[in-house]
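Each chain, letter by letter, is given below.
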Amino acid sequence: MKERAPGLRGTGFEWLWLGQTITVLGDRALGVALPYLVYQQTGSLRSTALLALAGYLPGLLFGSLAGVLADRWDRRRVLVVTQLLQGAVIGLLLLAGPERLWLVTAVTFAELTLSLLALPAGAALLPALVGEAALARATARLAVATTTARLLGPVLGGVLAASAGMRGVVLLDALSFFAAAVLFGRLPVQPPVGRPTRPSSLLASWREMGQEWRDGLKVIGTHQVIGVLFLTLSLTSLGGTLVDPYYMGFVQGMLHATPAQVGLLSTVVGAGTLLGSLLSTWAVERIDLRRLVAVGTLLVGTLMLAFYHQQSLPPVLVLGALLGVPMVVANVAASTLLQLGTPEAYRGRVYGALGTSNAFVGVLATGGAALAGSRVEAVPMLTVAALLTLLAGVAALALPGHGATARPYREA
């Protein structure tokens with residue numbers, strides 16, 4: 001008889017699952033409504049670009065530092081406090097009004113800066129909550145919940161904006177953070193992961209943090225599983241970010257899609273993503289995680305290449321539905337491998353460094369697109385994005401070892 005996989009009940013996973021789902025729902029609702037409001041108020045693509053830049057800069061400036069702090073501090077407390085602060089920052093838009101561009105940009109920057117602490121803390125806390133044997137299933141279930149929230153958030157934001165105005169959407173996002181803080185407060189207390197002793201001076205504290213940051217980079221550079229995953233995820237992030245500035249140029253310029261057809265395409269892609277999330281709950285416990293990362297990423301790159309070389313909507317709808325499936329399965333497998341392959345004391349720093357890398361490629365891609373303007377056509381750049389994703393899949397083939405799961409890295 002096959003041994004039953006360990007369950008997730010009683011681990012505290014449900015509080016992390018529900019809290020992260022609620023915050024994603026609120027963030028997606030506001031994330032769609034704010035750019036719409038900014039463009040409606042200003043009629044300027046430059047204003048919406050500045051808002052997007054405010055979203056990338058925190059990760060570039062503070063991502064690695066946040067990872068160091070997430071490894072130093074109590075991760076459960078970090079989650080609670082950051083949610084409260086994020087809710088308070090979003091609440092400023094209720095007091096001063098969400099119509100002021102400078103305030104919207106500043107609030108976006110501040111809220112996403114705080115999120116840099118929450119993201120690595122949550123990712124680093126998950127393996128300690130559920131254990132290594134149940135980690136793949138927990139990661140997959142989180143993917144299902146957050147994918148559903150990403151699909152429902154924009155719909156909820158649009159309904160609220162139409163019925164209650166922009167303040168209603170802002171209130172929803174602020175309340176989602178406060179609700180998540182309450183849920184995270186119910187997480188079980190975890191033992192410390194080796195906090196440093198109190199330094200003798202401020203300068204010594206900064207030196208100590210610098211050394212911890214370098215230690216995190218050393219883990220990435222000297223352990224093949226982590227290093228290959230880091231390269232793979234950075235390349236896929238660059239490919240995905242490169243799509244953003246040119247996607248509408250392809251949809252409108254090549255496909256001549258109407259607004260209704262653009263909405264239909266988004267729905268179809270979202271449905272494929274949700275299907276991929278559901279499939280991942282089965283796949284990550286039965287198939288070699290390394291194979292899922294490599295083959296899934298190669299499939300995504302191949303589908304992207306076919307997708308962006310179509311000239312009519314029907315095949316694009318089919319390819320769009322297929323695209324989300326391997327994308328999510330590969331992401332869940334990669335996240336599980338990264339958590340298993342990284343020692344607990346370094347998980348915050350590894351995720352912080354990855355966030356900094358993703359933010360860097362985001363600024364690079366969006367900034368380059370802004371400088372190039374209309375001198376570069378959409379399809380060639382989208383082809384480059386697909387080729388980068390294929391290259392990421394090739395890099396993932398270098399992941400070492402065999403078996404259904406990765407052996408966690410152990411320090412010598």
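Since the structure is predicted, the reported quantities are computational estimates derived from the model, not experimental observations.

Details of the overall build of the protein
Turning to step 1, where the next piece is worked out: Along the backbone of the protein there are 13 helices and zero strands.
Turning to step 2, where the next piece is worked out: Listed by position from the N terminus, the elements making up the protein come as α-α-α-α-α-α-α-α-α-α-α-α-α.
Turning to step 3, where the next piece is worked out: For the protein, the proportion of its 412 residues judged to be buried stands at 50%.
Turning to step 4, where the next piece is worked out: In the structure as shown, the protein presents an accessible area of about 19400 Å², 66% of it carried by carbon and sulfur atoms.

Description of the confidence of the model for the protein
Turning to step 1, where the next piece is worked out: Per-residue pLDDT for the protein has a mean of 79; in total, 80% of the residues score no lower than 70.
Turning to step 2, where the next piece is worked out: Per-element mean pLDDT across the protein ranges from 57 in helix α7 (residues 202-222) up to 95 in helix α10 (residues 289-307).
Turning to step 3, where the next piece is worked out: Predicted confidence for residues 402-412 stays below pLDDT 50, and this span has 28 contacts to residues more than four positions away or in other chains.

Examining the pattern of salt bridges
Turning to step 1, where the next piece is worked out: Applying the stated criterion across every chain, the model contains one salt bridge.
Turning to step 2, where the next piece is worked out: Put simply, E285 and R137 hold a salt bridge, and the shortest N to O gap is 3.1 Å. Highlighted residues: E285 in the loop between α9 (259-283) and α10 and R137 in helix α5 (residues 135-164), separated in sequence by 148 residues.
Turning to step 3, where the next piece is worked out: A relative accessible area of 30% places E285 in the partly exposed class.
Turning to step 4, where the next piece is worked out: Note on R137: relative accessible area 9%, which makes it buried.

Description of the packing of helix α4 (residues 101-130) against α5
When two helices pack together, their arrangement is given by the angle between the helix axes and by the axis-to-axis distance.
Turning to step 1, where the next piece is worked out: The N-to-C vectors of α4 and α5 enclose an angle of 130°; their axes lie 9 Å apart at closest approach. Here α5 runs oblique to α4, going by the angle between their axes. Where α4 crosses over α5, the handedness of that crossing is right-handed. Contact residues: L126, P127 and V130 in α4; L135, A138, T139 and L142 in α5.
Turning to step 2, where the next piece is worked out: In the contact of α4 with α5, the residues fall into six nonpolar, one polar and no charged.

Comments concerning the environment of L299
Turning to step 1, where the next piece is worked out: Inspection of the secondary structure assignment puts L299 in helix α10.
Turning to step 2, where the next piece is worked out: The partly exposed category is assigned to L299, whose relative accessible area is 44%.
Turning to step 3, where the next piece is worked out: As a C-alpha pair, L299 and T389 span 90 residues in sequence and 9.2 Å in three-dimensional space.

A look at the packing of α10 against helix α13 (residues 378-396)
Turning to step 1, where the next piece is worked out: For the pair α10 and α13, the least separation of the axes is 8 Å and the interaxial angle reads 165°. With respect to their mutual orientation, α10 and α13 come out roughly antiparallel. Along this stretch, α10 crosses α13, giving a crossing that reads as left-handed. Taking contact as the criterion, the partners of V293, A294, T297, L298, V300, G301, T302, M304 and L305 in α10 are, on α13, T383, A385, A386, L387, T389, L390, A392, G393, V394 and A396.
Turning to step 2, where the next piece is worked out: Taken together, the residues of the contact of α10 with α13 break down into 13 nonpolar, six polar and no charged.

A few points about the nonpolar core
Turning to step 1, where the next piece is worked out: Counting residues in hydrophobic clusters, the biggest one holds 55 residues, and the most contacted among them are L79, L126, V130, L229, V293, L338 and L399.
Turning to step 2, where the next piece is worked out: A total of nine residues in this core trace back to one element, the largest contributor, which is α4.
Turning to step 3, where the next piece is worked out: Non-local contacts of L126, meaning those with residues more than four positions away in its chain, are made with F13, L16, L135, A138, T139, L142 and Q339.

A few points about the environment of R349
Turning to step 1, where the next piece is worked out: With respect to the helices and strands, the residue R349 is situated in helix α12 (residues 347-372).
Turning to step 2, where the next piece is worked out: Each C-alpha atom, one on R349 and one on P120, is 7.7 Å from the other, the two residues being 229 residues apart in sequence.

A short note on the packing of aromatic side chains
Turning to step 1, where the next piece is worked out: Tallied over the full model, the rule gives three aromatic pairs.
Turning to step 2, where the next piece is worked out: Ring centres 5.9 Å apart and planes at 40° place the aromatic pair F250 and F307 in the tilted group. A residue pair is termed long-range when its members are at least 10 positions apart, and F250 in helix α8 (residues 224-253) and F307 in helix α10 qualify at 57 residues.
Turning to step 3, where the next piece is worked out: Taking the relative accessible area as the measure of exposure, F250 reaches 0% and is therefore buried.
Turning to step 4, where the next piece is worked out: Seen from their ring centres, F307 and Y308 are 4.8 Å apart, and the 75° between their planes marks the pair as edge-to-face.
Turning to step 5, where the next piece is worked out: The exposure class of F307 is buried, given its relative accessible area of 2%.
Turning to step 6, where the next piece is worked out: A relative accessible area of 5% means that Y308 is categorised as buried.

Parameters at a glance
- Residues numbered from 1 in each chain as written.
- Predicted model: local features only at pLDDT ≥ 70, side-chain atom pairs only at ≥ 80, totals over all residues.
- Heavy atoms only, no water.
- Helix = DSSP H or I, 4+ residues; strand = E, 2+ residues; numbered from the N terminus.
- Buried < 20%, exposed > 50% of the residue type's maximum accessible area, 1.4 Å probe, protein only.
- Areas by Shrake-Rupley, 256 points an atom, 1.4 Å probe, with all protein chains shown as cover.
- pLDDT = per-residue confidence, 0-100.
- Contact = heavy atoms within 4.5 Å.
- Salt bridge = Lys/Arg side-chain N within 4 Å of Asp/Glu carboxyl O.
- Axes fitted to C-alpha atoms, helices over the stretch in contact; angles between N-to-C directions.
- Parallel < 35°, antiparallel > 145°, perpendicular 65-115°, else oblique.
- Left-handed = near helix turned anticlockwise from the far one by under 90°.
- Nonpolar A, V, L, I, M, F, W, Y, C, P; charged D, E, K, R; others polar.
- Core = buried A, V, L, I, M, F, W, Y, C linked by side-chain atoms within 4.5 Å.
- Phe/Tyr/Trp six-rings, centres within 6.5 Å; stacked < 30°, edge-to-face > 60°.

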